[in-house]
Structures are given as structure tokens and as C-alpha cells.
Amino acid sequence: MSQHYLTPLFSPKSVAVFGASDRVDSVGQIVFKNMLDSGFHGALYPINPTHAEIQGKKAYKSIFEISDAVELVVIATPPQTVPDIMEDCGKHGVKAAIIITAGFGEVGAAGQALEKAVLENARRYGIRIIGPNCLGVMRPNIGFNATFNNGNANVGKLALVSQSGALCTAILDWAQTNDVGFSSVVSLGSSADVDFGEILDYLVSDRETESILLYIEGIRDARRFMSSLRAAARFKPVILVKVGRHAAGSKAAMSHTASLVGSDDAFDAAVRRAGVVRVQTITQLFSAAKALACGFHPTGNRLAIVTNGGGPGVMATDRASDLGLVMANLSEETITRLNQVLPSNWSHGNPVDVIGDAQADRYQHAVQACLEDPNVDGVLTILTPQAMTKPLEAANVLIALSDQYKKPLLTCWMGESQVNESRKAFAQAHKPNFRTPEPAVEVFSYLSAYHRNQELLMQMPNPLSHHLEPDVEGARMIIEGALQERRKVLSEMESKALLSAFHIPVAQTMLAHSPNEALLIAQQLGYPVAMKVNSPDITHKSDAGGVLLNLANAQAVRAGYQEIFENIKRNRPDAHMDGVSIQPMIVKPNGRELMLGVTNDPVFGPVITFGAGGTTVEVMGDRSVTLPPLNTFLVKDLIKGTKVSKLLGDFRHMPAVDMDALESVLLRVSEMVCELPTLMEMDINPLIVDEHGVLAADARVVVAYRQPSADRYSHMAIYPYPTHLVSTWQLADGTNITIRPIRPEDAQLSQEFVRHLSPESRYFRFMNSVQELSHAMLVRFTQIDYSREMALVAVTEENGEEVELGVARFAINPDGSSCEFAVVMADKMHGKGLGQKMMNSLFEAARSKGLHVMQGEVLKTNLDMLKLMTRLGFTIENSPEDSNIKNVSKLL
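Here the residue numbering is sequential within each chain, running from 1 through the sequence in written order. In view of the model being predicted, local features appear only for residues whose pLDDT reaches at least 70, and side-chain atom pairs are presented and counted only at 80 or more, with totals across whole chains, interfaces and linings using the full set of residues. As a rule here, side-chain values come from all non-hydrogen atoms in the structure, and water together with hydrogens is ignored.

Trainee: Help me understand the pattern of salt bridges in this model?
Mentor: Side-chain pairs of opposite charge can arise whenever the charged atoms involved come near each other. Any Lys or Arg side-chain nitrogen located within 4 Å of an Asp or Glu carboxyl oxygen qualifies as a salt bridge. Under the counting rule described, the total for this entry stands at 43 salt bridges. A salt bridge links Glu-492 to Lys-541; its shortest N-O distance comes to 3.6 Å. Residue Glu-492 is located in helix 18 (residues 492–501), and its partner Lys-541 is located in the loop between strand 22 (529–533) and strand 23 (547–551); the two are separated by 49 residues in the primary sequence. Of the two residues, Glu-492 and Lys-541, neither departs from the other in class, the shared state being buried. Under the DSSP-based scheme used, a helix requires at least four consecutive residues in state H or I and a strand at least two consecutive residues in state E, with every element numbered from the N terminus. Buried means the residue's accessible area, taken with a 1.4 Å probe over protein chains only, is under 20% of the maximum for its type, while exposed means over 50%, and partly exposed covers the values in between.

What follows is the structure, encoded as C-alpha cells:
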């Protein structure tokens, strides 16, 4: 297996330090001293044109004086010297660079020009860069410390990736005294080249890393970030802190939705869909990491609290309520069990107050009973040191229990001197312990969020969710008509026509351009009616005096038209008024007013929001935000995240709303976002829902031109399931076969497929003696990111069950224009043409991504595969690295 292309950045065999120095406290002096003190395992070369020796090591005037290969350079020289250094490194064959120097893109036009020159030189020679303006990189397990941090880091299994070098130094200092170790520490700096996405790609395959911690200030490439984040989170816990949660200003917006949904809402929605945990502080970052590293398997948000003091139990309960956690309702069996082992005056509920004189045995019985209760997802145990308490004995009991159960068991030993030994015991056993209840509850909320977000990660929605297909072409024509007229805002009539094209029920609406025309339309529709100004310039119609309701007769309608005209002339003299829209008054006595909207985040693209509707929508601020595409599971999660969701069931005198109809509209909006890249913003407000269905009473749509792309979903941060690649085929014997992209739920199907391959076929595919796929391999093969890889499976039905007959896949290379492929067929399919059919389908999928080259490796003894490659037009060459392998490639 070839090494990852970023290996020279993380595990270099040789390092040269430009700017290495003897000048005390200079960056070059500290970096080179750190490399020496950390005991770097590889070759180390100081480069300084004015010194023959640096810190006892022979110095070199330039990289050309070094006769051996140099894999990585660390640059700590003035910014104006860096472009030429990069040119020299390219000529010498350097593969990677860490630029610690500042003074580039962050300081203005001159710095930006320097940065551009550095990147051009690096790209010409294929050099990958961390930085500039960064602290550097550490790999403690190999003694690699290419930073100007004051000292080294402990060896551990946590990877820390940060955009802030200053924060890295603070975290490293904190970690030294808190027994926290790292597999890698990466300060990205300006991220001019290598960004979060590529670092995550490396760490997910790094055996030294078990959990990944991120400190984020901003994201540059949302698709790459989301793709890599989702890939990493499938294998390892990822926990992040994102700063800048509260913007210092608001953007100009043409819709309610855009003004309601900030960039942090979009980021929060993105990380939930990525299956990661977001925390707010550095302490929480490490607390959550420690808890997840304990092997806990959280399955929900129902918390039980066991305490020997009522006050701390109430404090914990209050914090749980603040965070939306559920206080577990203990089962009757658990209550009975606790009655048998606790004093009669125990609390008889949750929190479980075991009374102040509780010793280790009472804690053991109470905690064990809660852990075994199916209504409980996790337990927080609190101890306050009282006269008869034995804190260390109780701690040892809980450590033993924690090893027996997978449910989260968190501990809070309050106080100081009397519980100090207990805290040492918890730390030695690597069990999370807290000084006060609130942080412990917060960590449980993060564990719970991790479980919920992992469920969201598993969802792979189709771009189209209904059997009744929308009129996508008709919708595009409506938008194109507006853009051709140089309009960005669709009229109400156009907006509702767009919704109708996607089968979203809309209120019948007609447009009047005079008082008499308004009168005729009102009589045709039937009284009472509503009248609204039709203007592309007015978002808040009510505020401008552009809405009149319950007009019950001809006189009111005719006068109403003139009233709206005068109101707009007075309140919005700058607005262009194109008549008045008229619709019947919607009488829904049990109707709830909701708002459904779309906006485009500058980083993450389309965002869908749902919440309470009506004229007070900004004031109420009740909303839930998600990234498309959606399926039923994600729609239910979106609705559940709002306060108004509590009004959708039976409420006072009103029956429950038609939830199927509401969910259907949300799915339809997701379809609109997927299929209409030019849709920038949309409000459906109010969306009225009752027991009979839903109706969009008003809609407003903003569109904009977008450059066409070969990738039909390039505008989305999360790639939908590519249904356009599904096809059917028939063998000569009449067997019907479906060729489709793989799904996460195909894990068992893929396992059975590999099990039934002959030993020779398995060896040809994996180039080793694999018997069956490990859990990690199954995850890797079935939970793919369609934006950067593809796996097509051929399936048929046998005895009422789906059976896999073959699989062909490719992964896009870092150059973005080529990909590596693999293909394997069931033994009984050999010679039936399925392999050629699947490869042709794979070619089409690769071309749709804009790829130009497909390449792979085939064992030279795999003669049937080499014949297939020849028939398909591949070029076949001997591998320069392994005489047993043939390299094959094809221009697409």
C-alpha cells in the first residue's frame, strides 16, 4: 500500500531548517533547538549562509550543499526570501514545507504578491505547504518538533489541528500539567495550501491517532472540509471548537430567512451532519475527548444522577434542563431494586439521593441499578465529602463499574483535600472526573450529541424523495425568464409557480393592475379576499402597508387597491409596484403558521430553515437549521429542533396536524435546493398546516446566475445520493441486474460478497489473504463520500433477497483530475460481460466529475483482469516499484 502523500509533512526521513540560528530567542534558534531536543529520528540539516555551525551541527549555506535527499523543509527566514527558497527546494526534490514566517497574505497587497509567488513555485514542483504564519508541526512519537513552542508535547493518541498558533501554545502548556498527550499537533496558520480537509484525510488513516481535536476560525473550502470531516468522523471521534459564533454585524438580505440564519447556524448544521461534536471551550474540548476515549457508547440523552447531597443533584438537574437533556424516568424494576438497598428516606426518584452517610457499597448498588435500567443512557455520580464518607473506596468501586458497562459513567467528587486521592485514582484509570456538577453534565450532553450526530452522518438522502417527479425543467424556465430580464427577485406569481412545479400546495393567487381589475378578480375568487402588494423591492409587505386582509365586498376591494398604492407611495417611494396580488382568505381554524426557508451561506452553500411563521418571525427567532439534502429521518430531526413543534400535536382544542404533509413539503424544498443551483433565497411564510394538509399562503424567491458545472451538485456542501447513476442491465440468460451507487446499509451485502469470493479472487482484489472485511473496512467501503469517490455495485434478486454480483469503485486523487480504480466480480460472473459493463458505467461516473485519467494496479498473474483492461483501452506498464504489479491507465 502506497504511503499518504502528506507523509513527508508528518513523518519525514530528513529535515532542513532554513533560518536555523544561534541567536537566543529567535524563531530559527527555537525551532532548531526543539528539533534537537526532541530527539528527531531522521537526518537534520541547519541552513544558514553566514555560519559554519549551528547549535553544534554543521551548517549549510544552501540546500544545494546537502548531497542527500531532503523530504521536508522548515522555513523561518524573512518573507521576501521565501519565494526563492521554494524554487531552490523544488529543484532539490523537496516534497513538503512548513513556512513559519509571517508577512504574507495577512498584511496586504505586497504580502499577497509574495504568497502568490511562493505558491506558484511550490505547485510547479509539487511541494505541499503548511502555513505560512504558523507555529509549526509536532509528531511526538518520532521526536519531530518543528515548532517555536517552548518545549515538547507528551506522546498520546489525540491529534490537535488549530488555525491559531497562539492557542496551540496555550493548549500545549495546559496539556503538560494535565497529563494529556498528542499524536500530532498541527498549526495551520494561513492555510495557503494544505487546509483542514487534507489534514483530516491524513489523520483518519494515521494509526497513532485515536481522536481528532479541531480549533477553527474559518473554513475556506466547504466541500473538501465537509467531505474529509464526514470521512474522519466515521472512524474516529472528532471534537471541535469554532470561534466567531456571534457576528459583529448582519448581512444585507432580501428575505426573512437570510436575516434569520447566520453563518454560525450554517456551521452548526454542517458539523451535526458530519457526525462530530462541537464544544464551546478548550476545557470542554479535552473533557469530551477523554470521555469518548474511555470507550463509552452513548445511545441517547436520558441522564440518571446518583448523589449523596440534594443540592448538587439539583444543580446537575438544572444544567441538564438548560441543555435539553432528559432526566431519566427510572423503571419500576429499578425503583424496587433501589428500595431494597437504600435507606427508606432516599429520594425515590431521579436524582437518586443515597443520603449523606452513603459509603462505597451504597454507591455501587445505586449506580449499578441505574446503569442496568433500559430507560437510562448515562449516569452522573456526585460525592460530597461528609464525616462518614470514604471517597477513595467509592471512587475505586465506580472505576470498576465503569470498566463493566459501555454506558457513560461520569463522576463529580466535590471538595479538595478530602477527595484529592480519589481524583488521582480516576486520572490514573483514565476516567473522566469533575470538580463541580455542571461541567460533568455538559460532557454528557456532548456524548449524547455525538450519538445523535453519528445517526445524522449515516443518512444518505436522494436528491429526489418522491415517486411523483417534479417539473424541474419548467422550474428552471421560470428562473431563466427572470434572469434574462435581469431580475433577481421572482414575483409572487412566479414564486408560487416554482413551488407548484415541485408539487407544493399553494394558495390560488391572481394579479390585478387596477382597482376595477381587482374587483373582477375578487368576485371570481369569492369573498373574503386578501390583497398584497406585488413588488420585487419589498420583502416585509406588512411593514410597508402592503397587506390588507378579510376584504368582504366589492367596495372594500376597490378602496383597498388604492390604499395599498398610497401606502407604498408614502412608505416605500423607491419601490417599483407591479400591481396587487389577490387570493381568497385562507380559513383554517386549526391552522398553525410556520415558516420554511432557504438561504445560501457563503461557505456551506444552501441552508434550509424551519420554524414558527407569521409577521413576528424575526422577533420570535424560533428556527431549526440544516443542510440539504434531506430524507424523512433528517426532516423529523429538523422539526423536532423547534419550539413550535410542540404545537403540531394535539393542542388544547386543536387536533394534531398532518405531519406527513408537512414532512413532504420539507422534502420538496430539499429537492428544489438540489435541482435548482440558481435558487439563492426563499421564504414560504406563512406555511399553514392543519389536520387536513398544508398550504403555502405566501412565497418569495431570490435567484442568481451560477456558472454551469460538470458536477450537477457542485453547489452543495453535502453530496446527495447520485440516483442519476442507477441503471439496469440484463445478462444473456435473462437475469436482471441493477447497477447503482453503494449505500451505508450495504455493509452486510458487501461482507457476504467478499466471503463468497474464491481465495484467488480475494487475493487479486486486495493483494493479500483477506478472509472477510473488518468493521473499519466495511465502513470505509460502504460509507463513501460521493463528491470524491464512487462505488458502483451490481445486484440482483435471489429468493427474495438482494445479492451482490460485483463492485467497481474509484477515488479521486489529490490532483483533482485523475482517479484510482478497483473492480472485482463474483466468480460465477466471470466471462459474462458484467465486468466490462460496470467499468463502462464507472467511466461515465468519472467523466461526470470532470476527471481525465483513470489508473490502477493489477497483479501480473491476474491474466483475466489484464485482458479486460486491454479490451477497455488501458495502457499497461510494469510497475517501477514492484515487479509483481502492472500499472494500468486510461484517458477518459
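Still to come is the rest of the account.
Trainee: Hey, could you run me through the packing of aromatic side chains in this one?
Mentor: Ring pairs (aromatic) are described by centroid distance and by the angle formed between their planes. Between rings of Phe, Tyr and Trp, where Trp is taken as its six-membered ring, a pair exists when centres lie within 6.5 Å; planes separated by under 30 degrees are stacked, by over 60 edge-to-face, and by other angles tilted. This model, assessed by the stated rule, comprises 14 aromatic pairs. Both rings, one in Tyr-721 and one in Tyr-786, keep their centres 5.7 Å apart while their planes meet at 85°; by these two values the pair is edge-to-face. Of this pair, Tyr-721 sits in the loop between strand 30 (699–703) and strand 31 (727–730) while Tyr-786 sits in the loop between helix 26 (775–782) and strand 33 (789–798), and the two are 65 residues apart along the sequence. With relative accessibility at 3%, the residue Tyr-721 sits in the buried group. The rings of Phe-196, Phe-225, Phe-267 and Phe-604 are connected pair by pair, giving a single aromatic cluster. Look at NZ for Lys and CZ for Arg. If either is within 6 Å of the ring centre and within 35 degrees of the ring normal, a charge sits over the ring. When the ring centre of Tyr-721 is taken as reference, the NZ or CZ atom of Arg-743 above it lies at 3.7 Å. One cation-aromatic arrangement involves Lys-890 over Phe-843; the distance from NZ or CZ to the ring centre is 5.2 Å.

Trainee: Sorry if this is basic, but what is going on with the sheet that holds strand 22 here?
Mentor: Two strands in a sheet stick together by hydrogen bonds in their backbones, pointing the same way (parallel) or opposite ways (antiparallel). DSSP calls a pair of strands paired once it identifies at least 2 bridges connecting them. Spatially, 4 strands are ordered 21-24-22-23 in an open sheet, and the strand pairing comes out antiparallel. Single-partner strands in this sheet number two, and they are strand 21 (510–512) and strand 23. Across the sheet, the axes of successive neighbouring strands diverge by a mean angle of 25°, strand direction being ignored. Pairing of strand 22 with strand 23 involves 3 bridges; the strand directions are antiparallel. In the strand pairing of strand 23, Lys-532 is matched with Val-547. Here, residues are in contact when the closest pair of their heavy atoms is within 4.5 Å. Axis definition: a line fitted to C-alpha atoms, limited for helices to the stretch in contact. Angles are taken between N-to-C directions and run from 0 to 180 degrees. Contacts from helix 19 (residues 515–525) reach strand 21, strand 22 and strand 24 (580–584), with the element oriented near 155° to strand 21. Docked against the sheet, helix 20 (residues 554–571) engages strand 21, strand 22, strand 23 and strand 24, running at close to 20° with respect to strand 22.

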